[in-house]
Amino acid sequence: MHADMEPVALRLGVITASTRPNRRGPMVADWVVRQAEAKLAHRAVTVVALDVKDFDLPLLDEPVPAAIGGYIHEHTKRWAQTIAALDGFVIVTPEYNHSMPASLKNAIDFLFAEWNDKAVGFVGYGIDGGTRAVEHARLAMAEVKVAAVRSQVALGLFTDFAIDDPSKPGQFNPGRHREDVLGRMLDELVDWAGALKTLRPGNEA
């Protein structure tokens, strides 16, 4: 951001994508929220924690495609209102079978206009850092007109977690270098979200 530019007030949502019992996502999302609040304290940014599990979204059950609109179900309307109120997102996702969780794809597919002209950054976790999940999520988000920033955090199960029992979440102990990558991603996200906000009705420069 140029020194002579006024900061744009933004709301960023940190989305926990997995809904699996004993998931590790909430630990990671809490870390992202704390880091974002600290690293973006000098910018006009509000950080909001969201959990897909809290919205009780069934498998997509709207009779009309999201790109047309006209949602009829209350769970869809609630999800739509929440996403519409945000300017950008950090999606915290594990990798399941070389892709994103079905819960994340389903949550994306429920909406269209509410996603448009916003920005997203990714924090993946898994044996290989969730990188393949993030690659697939980038494609889905691009289709709903969300711009994904380049930098992403890739957390390894064997390097950033202490896991004694694979069926339990374990402890989250991210390396200090992860904070630097997250900080870079957050700066990119805020810059992009601020620029894209001007494309949406009522926010023109």
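How each quantity is defined
- Residues numbered from 1 in each chain as written.
- Predicted model: local features only at pLDDT ≥ 70, side-chain atom pairs only at ≥ 80, totals over all residues.
- Heavy atoms only, no water.
- Phe/Tyr/Trp six-rings, centres within 6.5 Å; stacked < 30°, edge-to-face > 60°.
- Helix = DSSP H or I, 4+ residues; strand = E, 2+ residues; numbered from the N terminus.
- Buried < 20%, exposed > 50% of the residue type's maximum accessible area, 1.4 Å probe, protein only.
- Lys NZ or Arg CZ within 6 Å of the ring centre and 35° of its normal.
- Salt bridge = Lys/Arg side-chain N within 4 Å of Asp/Glu carboxyl O.
- Pairing = 2+ DSSP bridges.
- Axes fitted to C-alpha atoms, helices over the stretch in contact; angles between N-to-C directions.
- Contact = heavy atoms within 4.5 Å.

Under an unreviewed UniProt entry, the name given to the chain is FMN reductase, and the source organism is Mycolicibacterium doricum.

**Points about the packing of aromatic side chains**
A ring pair, where both rings are aromatic, is described by two values, the distance of the centres and the angle of the planes. The final tally for this structure, using the stated rule, is 6 aromatic pairs. Ring centres of Phe55 and Trp79 lie 4.8 Å apart, and the angle between their planes is 65°; this geometry places the pair in the edge-to-face category. Of this pair, Phe55 sits in the loop between strand S2 (45-51) and helix H2 (74-84) while Trp79 sits in helix H2, placing them 24 residues apart in sequence. Accessibility expressed as a relative area gives 1% for Trp79, which makes it buried. With a centroid separation of 6.2 Å and an interplanar angle of 75°, the aromatic rings of Trp79 and Trp115 are classed as edge-to-face. In this pair, Trp79 sits in helix H2 while Trp115 sits in the loop between helix H3 (102-109) and strand S4 (118-126), placing the two residues 36 residues apart along the sequence. Positioned above the aromatic ring of Phe55, the side-chain terminus of Arg78 is 4.4 Å from the ring centre.

**Overview of the pattern of salt bridges**
Across all of its chains, the model carries 12 salt bridges by this definition. Of the charged contacts in the structure, one is a salt bridge between Glu74 and Lys77, with a shortest N-O distance of 3.7 Å. Linking Glu74 with Lys77, this pair stays in helix H2, spanning 3 residues, or about one helical turn.

**Examining the environment of Asn97**
Here Asn97 shows up in the loop between strand S3 (88-94) and H3. Its relative accessible area of 78% is what places Asn97 among the exposed residues. The spacing of Asn97 and Ile163 is 66 residues in sequence and 20 Å in space, taken between C-alpha atoms.

**What about the sheet that holds S2?**
An order of S2-S1-S3-S4-S5 is seen for the 5 strands of this open sheet, with the pairing classed as parallel. In the strand order of this sheet, the two ends are held by S2 and strand S5 (146-156), each with one partner. When the angles between neighbouring strand axes are averaged without regard to direction, this sheet yields 20°. As paired strands, S3 and S4 are joined by 7 bridges and run parallel to one another. Paired with Ile91 across the bridge in S4 is Phe122. Helix-sheet contacts for helix H4 (residues 131-143) involve S3, S4 and S5, and the interaxial angle to S5 is about 165°.

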